[in-house]
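The primary structure of each chain is shown beneath.
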Amino acid sequence: MASSAFNSIKKTKIPFSLNSIFFRKKSSFFSTLIKNHHNQILPSSSSSFSSSPPVPKKVPFTVSVHGVTWNDPYHWMNKTNDPDFVKYLQQENAYAQCFMKDTEEGQKGLFSEMISRMPNKISTPPELWGPWLYYQYIPEGKEFPVLCRKLAAESKGWMKTVSSYVIGVSKEEQVLLDWNEIAERYGYVHVGTCRVSPDHNYLAYTIDVTGCEQFVLQIKDLRNDCVLPTLGVEGVVSVEWAQDSCTFFYTSSDQNQRPYRVHCVKLGSDSVHNVPLFVENDSGFCVDIASTKDGKFITVNSNSRTSSEVYVINATNLQTGIQRFCKRVSGVQYFLEHHHGFFYVLTNSRNVGEESSPSSGEYYLARCPVENLQSTCLQNIIEPSGEIFIQDMDMFDEHLVLFLNKEGSSLICSIDMRTIINCEEQMKIDELSPWFFPLPSDMCAIAPGSNHDFTRSVYRAVVSSPVMPDAIVDYNMSRRTFSVIQQEEVINISHKTKYHSNNGERSRNELLGTISKKEDNIQNNEVQRWSDFAEIYSCQEKEVISHDGERIPITILFSRKAHKKGQSPGLLHGYGAYGEMLDKSWCSDRLSLLDRGWVIAFADVRGGGGPDPSWHKYGSGMSKLNSISDFVSCGKYLLSEGFVHERRLGAVGVSAGSLLVAAAINMYPELFQAAILKVPFLDVCNSLLDSNLPLTVLDYEEFGNPQLQAHFDYILKYSPYDNIPEGLCCPPMLVKASLNDSRVGVWEAAKWVAKIRDKTCTQCSSSVILQTNMSGGHFGEGGRFGQCEEAAYEYAFLMKVLGES
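No experiment lies behind these values; they were computed from the predicted model shown. (Residues numbered from 1 in each chain as written. Predicted model: local features only at pLDDT ≥ 70, side-chain atom pairs only at ≥ 80, totals over all residues. Heavy atoms only, no water.)

## What about the overall build of the protein?
If you tally the helices and strands in the protein, you get 17 helices and 44 strands. Residue burial in the protein is summarised as follows: out of 805 residues, 60% are buried. For the protein, restricting intrachain contacts to residue pairs at least 6 apart in sequence, the fraction spanning at least 24 positions comes to 63%. (Helix = DSSP H or I, 4+ residues; strand = E, 2+ residues; numbered from the N terminus. Buried < 20%, exposed > 50% of the residue type's maximum accessible area, 1.4 Å probe, protein only. Contact = heavy atoms within 4.5 Å.)

Okay, here's the thing in structure tokens:
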């Protein structure tokens, strides 16, 4: 993939299903916390249970900014090593346990439901890369995945190799990385990045075992299964290999967890801590490194939220050093790939070739020769087509893959590279004979697999929707056929309806190859098709008119059998930040709510991803109030249209999404009757005023810089912590935090709860509970059983305060 993973401070995404091998270019955060440490959210044995909420101490602390002065008596909570603060969190955990005591049997029942839908063993289909077949699986009874490989059977042709693997003709399995072993040793594991060397002899990976996201780099020699002892470098974010498989690059972070330096190390060298190859001194920029798909170049990308500066290293000839491709221009971004002597560049600069050209929200594809590496020499190749916008690209020897957005829906197409190479003038996508990858419905999201092999003509993707379990699909770009290789198995649910395609059947037969009559019969007995639950669960896309007339997309999910118009409880999800689409992919845990008649809705408010590139702009910075108003409008719509009972609507926000929910509650306290705020960003003004907090400066482009008076005045209008109304009858809230969270400080949740109890109705605020994981980080539990436990707890809370059905 061309665009780099820019990990935002308030963004959370925890994948559950094993969709891809962990050496893809966009780092997947598979954070995991071992299940038997889950009880660390509870108080120590010496703590006493209490039926009344704890009352923290107040310490006078005055803040003065731009002539405005206020007192923050809970500022002391910022010191997380203060024994009084730890004691307070334990008391809150005790109170939460007391509050939820009557739901314990319900939690057990919900947990049993959720795990009963899981197969005993979860695995990904193998993916061929070089002489190896790579895959992952979660062993029976285990929480976490294992990354493995097998030597491909010695046969000619990729199709026959995979066919041989499918029928079991392959070599001995080799375990590359076992998350379970690390979790059992340390109690917590978060794997950041995995990279296999080009010769397949080494695995570079980064792990965090505390939750603080201080990742340690490890290099494993896969020939002898040993971790090299001298390479325990801390604070590493991204890693890439040079073509010699002995030299690798990595980025290291400063004290604010900002990746800002690039190092180059040769295996066997005496010192890892050598002179950096590149240093980014601007605190508003992060450095990321990525290998081009063909492995011939390493790109060094210095990115802010809106701008980028790119450097290039020849991975086959390191003596050429590092060369700059472009100077940074405010609002202009560049992402590079390489193909046979040309750099292909995804950029939002409308007039390429002019370094000072103004940017647009739309992305274009341009190119320049390797020997003339500079942005002023770019030639435009592809421009957006009407309502179709380019979001990302992937490059193969024979095909270009484009990720597109059409009015908020995801599309992917492939274009023959011969057409691109011969292109002498700028063209629209539909003029290049694209093949749009077939999808079962417009509501499907499509995400890339690892697709590491530059020479392949088959593109692997994961297709999912709110009513369709994740399907791993191989798209043959040469033949323009596709095959559903595997779909997530859901047990104890019946009456599935199926989409099917002759193309899907034909390409599956071609993929497996004709081995023998007997083997053909085995494969043809069970031809896979799209499979969903649309006959049982309704999934509707609507548009809601917001305060300023803008149409806000909302996705509404409910059981056709159990839903009762005007009577059902409901839950509205929102995020609205960083231009990120709200995750609406399949989640089997939701069935425990849907089958009880609940409505689950997703509001794609401004600030997140949406119908066009401006969607983010008009819900961020000095337009942030739009996203809050959009969310409120979506909540009112669910009530007015009878999807949800007027006194039974809840809301959930994660990280930056919690800002959305909490601000809406402050402004419209009667709208939501319950809320769940997870690792919440709530003390917006105070946090952004403290530039020493991790990654705060980077968030000035997203939320504004309160050092500027206009920004300060605007932020103060919505900052949840600063706008709790006196005497408010607040709804019941479950607030979840992690002690070691380095992205959103645990004190944000603690201060919010303390202030809610202090300022609002005493009776109402007694139903606000704070649950803190005393050993985890921002990403919490990622194991399959741990996630079910968390979901069961949250659903039990909602049923307690809103009613079960």
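The structure having been displayed, the exposition proceeds.
## Some words on the pattern of salt bridges
In the structure shown here, the tally under the stated rule is 37 salt bridges. In this structure, Asp244 and Lys266 form a salt bridge, with 3.8 Å as the shortest nitrogen-oxygen distance. With a gap of 22 residues between them, Asp244 in the loop between β14 (236-241) and β15 (247-253) and Lys266 in strand β16 (residues 259-266) connect regions that are remote in the sequence. Residues Glu309 and Arg328 are paired through a salt bridge, measuring 3.2 Å at the closest nitrogen-oxygen approach. In this pair, Glu309 is assigned in strand β20 (residues 308-314) and Arg328 in the loop between β21 (322-324) and β22 (334-339), connecting sequence segments 19 residues apart. On the accessibility criterion, Glu309 (7% relative accessible area) is buried. Using a relative accessible area of 27% as the deciding quantity, one classes Arg328 as partly exposed. Put simply, Glu280, Asp282, Glu309, Arg324 and Arg328 are held in one network by salt bridges that share partners. (Salt bridge = Lys/Arg side-chain N within 4 Å of Asp/Glu carboxyl O.)

## Considerations on the side chain of Ser464
Mapped onto the elements, Ser464 comes out in strand β32 (residues 458-465). On the accessibility criterion, Ser464 (4% relative accessible area) is buried. Looking at Ser464, its side chain comes within polar contact range of the side chain of Asp470, at 2.8 Å. (Polar contact = N/O pair within 3.5 Å; in protein donor to acceptor, adjacent residues only side chain to side chain.)

## Quick notes on the sheet that holds strand β33 (residues 468-476)
Pairing in this open sheet of 4 strands is antiparallel, and the strands run β31-β32-β33-β34 from one edge to the other. Every other strand in the sheet has two partners, leaving β31 (445-448) and β34 (481-487) as the edge strands with one partner each. Each strand axis lies, on average, 30° off the axis of its neighbour in the sheet, ignoring direction. (Pairing = 2+ DSSP bridges. Axes fitted to C-alpha atoms, helices over the stretch in contact; angles between N-to-C directions.)

## Observations regarding the pairing of strand β39 (residues 570-574)
The element β39 is largely enclosed, with a buried count of 4 among its 5 residues. As defined by bridge partners, β39 adjoins strand β40 (residues 599-603) across 5 bridges and the pair is classed as parallel. Looking at the pairing, Leu571 lines up with Ile600 of β40. Examined bridge by bridge, β39 and strand β41 (residues 649-654) share 5 bridges and lie parallel to one another. Residue pairing across strands places Gly570 opposite Leu649, the latter belonging to β41.

## Let's talk about helix α10 (residues 624-640)
For α10, which comprises 17 residues, the first-to-last C-alpha distance of 25 Å matches the rise-based estimate of 24 Å (1.5 Å per residue) to within 8%. Counting buried positions over the 17 residues of α10 gives 12, a clear majority of the element. Lys624, Asn626, Ser627, Ile628, Asp630, Phe631, Val632, Ser633, Cys634, Gly635, Tyr637 and Leu638 are the residues of α10 that are buried. Looking one or two residues beyond α10, the residue adopting positive phi is Gly642, at roughly 80°. (Expected span 1.5 Å × (residues − 1).)

## Some thoughts on the nonpolar core
Core analysis: the biggest nonpolar cluster contains 118 residues, and Leu572, Phe631, Met733 and Trp752 have the highest contact counts within it. Per-element tally for this core: the top contributor is helix α17 (residues 784-802), with 11 residues. Leave out the neighbours within four places in its chain, and Phe631 touches Leu572, His573, Gly574, Ala603, Val605, Ala651, Leu660, Val661, Ala664 and Phe672. (Core = buried A, V, L, I, M, F, W, Y, C linked by side-chain atoms within 4.5 Å.)

## Some words on a negative patch on the surface
Judged by side-chain charge, Glu424, Glu425, Asp430 and Glu431 come together as a negatively charged surface patch. By the secondary structure assignment, Glu431 is in the loop between β29 (427-428) and β30 (435-436). (Patch = residues over 30% accessible without salt bridge, like charges linked within 9 Å, V, L, I, M, F, W, Y side chains within 5 Å. Areas by Shrake-Rupley, 256 points an atom, 1.4 Å probe, with all protein chains shown as cover. Lys, Arg positive; Asp, Glu negative; His and termini not counted. Charge placed at Lys NZ, Arg CZ, Asp CG, Glu CD.)

## A few points about unusual backbone geometry
Outside of glycine, negative phi angles account for most residues, and trans bonds account for most peptide bonds. Despite not being glycine, His66 has its phi angle at roughly 50°, a positive value. Looking at the element boundaries, His66 is found in the loop between β2 (62-65) and β3 (68-71). The phi dihedral of Ser655 falls on the positive side, at around 60°, and the residue is not glycine. Relative to the elements of secondary structure, Ser655 occurs in the loop between β41 and α11 (656-667). Since its relative accessible area comes to 0%, Ser655 is described here as buried.

## Structural notes on the packing of helix α2 (residues 104-116) against α17
Here α2 crosses α17 at 135°, and the two axes come no closer than 8 Å. Our classification of the angle between α2 and α17 gives oblique. The two elements α2 and α17 cross, and the hand of that crossing is right-handed. Residues Gln107, Leu110, Phe111, Met114 and Ile115 of α2 pack against Phe785, Cys788, Glu789, Ala791, Ala792, Tyr793, Tyr795, Ala796 and Met799 of α17. Here the residues of the contact of α2 with α17 are counted per class, giving 12 nonpolar, 1 polar and 1 charged. (Parallel < 35°, antiparallel > 145°, perpendicular 65-115°, else oblique. Left-handed = near helix turned anticlockwise from the far one by under 90°. Nonpolar A, V, L, I, M, F, W, Y, C, P; charged D, E, K, R; others polar.)

## Quick notes on α11
Its 12 residues give α11 an end-to-end C-alpha distance of 17 Å, which sits within 8% of 16 Å, the value for a rise of 1.5 Å per residue. Counting buried positions over the 12 residues of α11 gives 11, a clear majority of the element. When α11 is considered as a whole, its buried residues turn out to be Ala656, Gly657, Ser658, Leu659, Leu660, Val661, Ala662, Ala663, Ala664, Ile665 and Asn666.

These results come straight from atomic positions and should not be treated as a statement about function.
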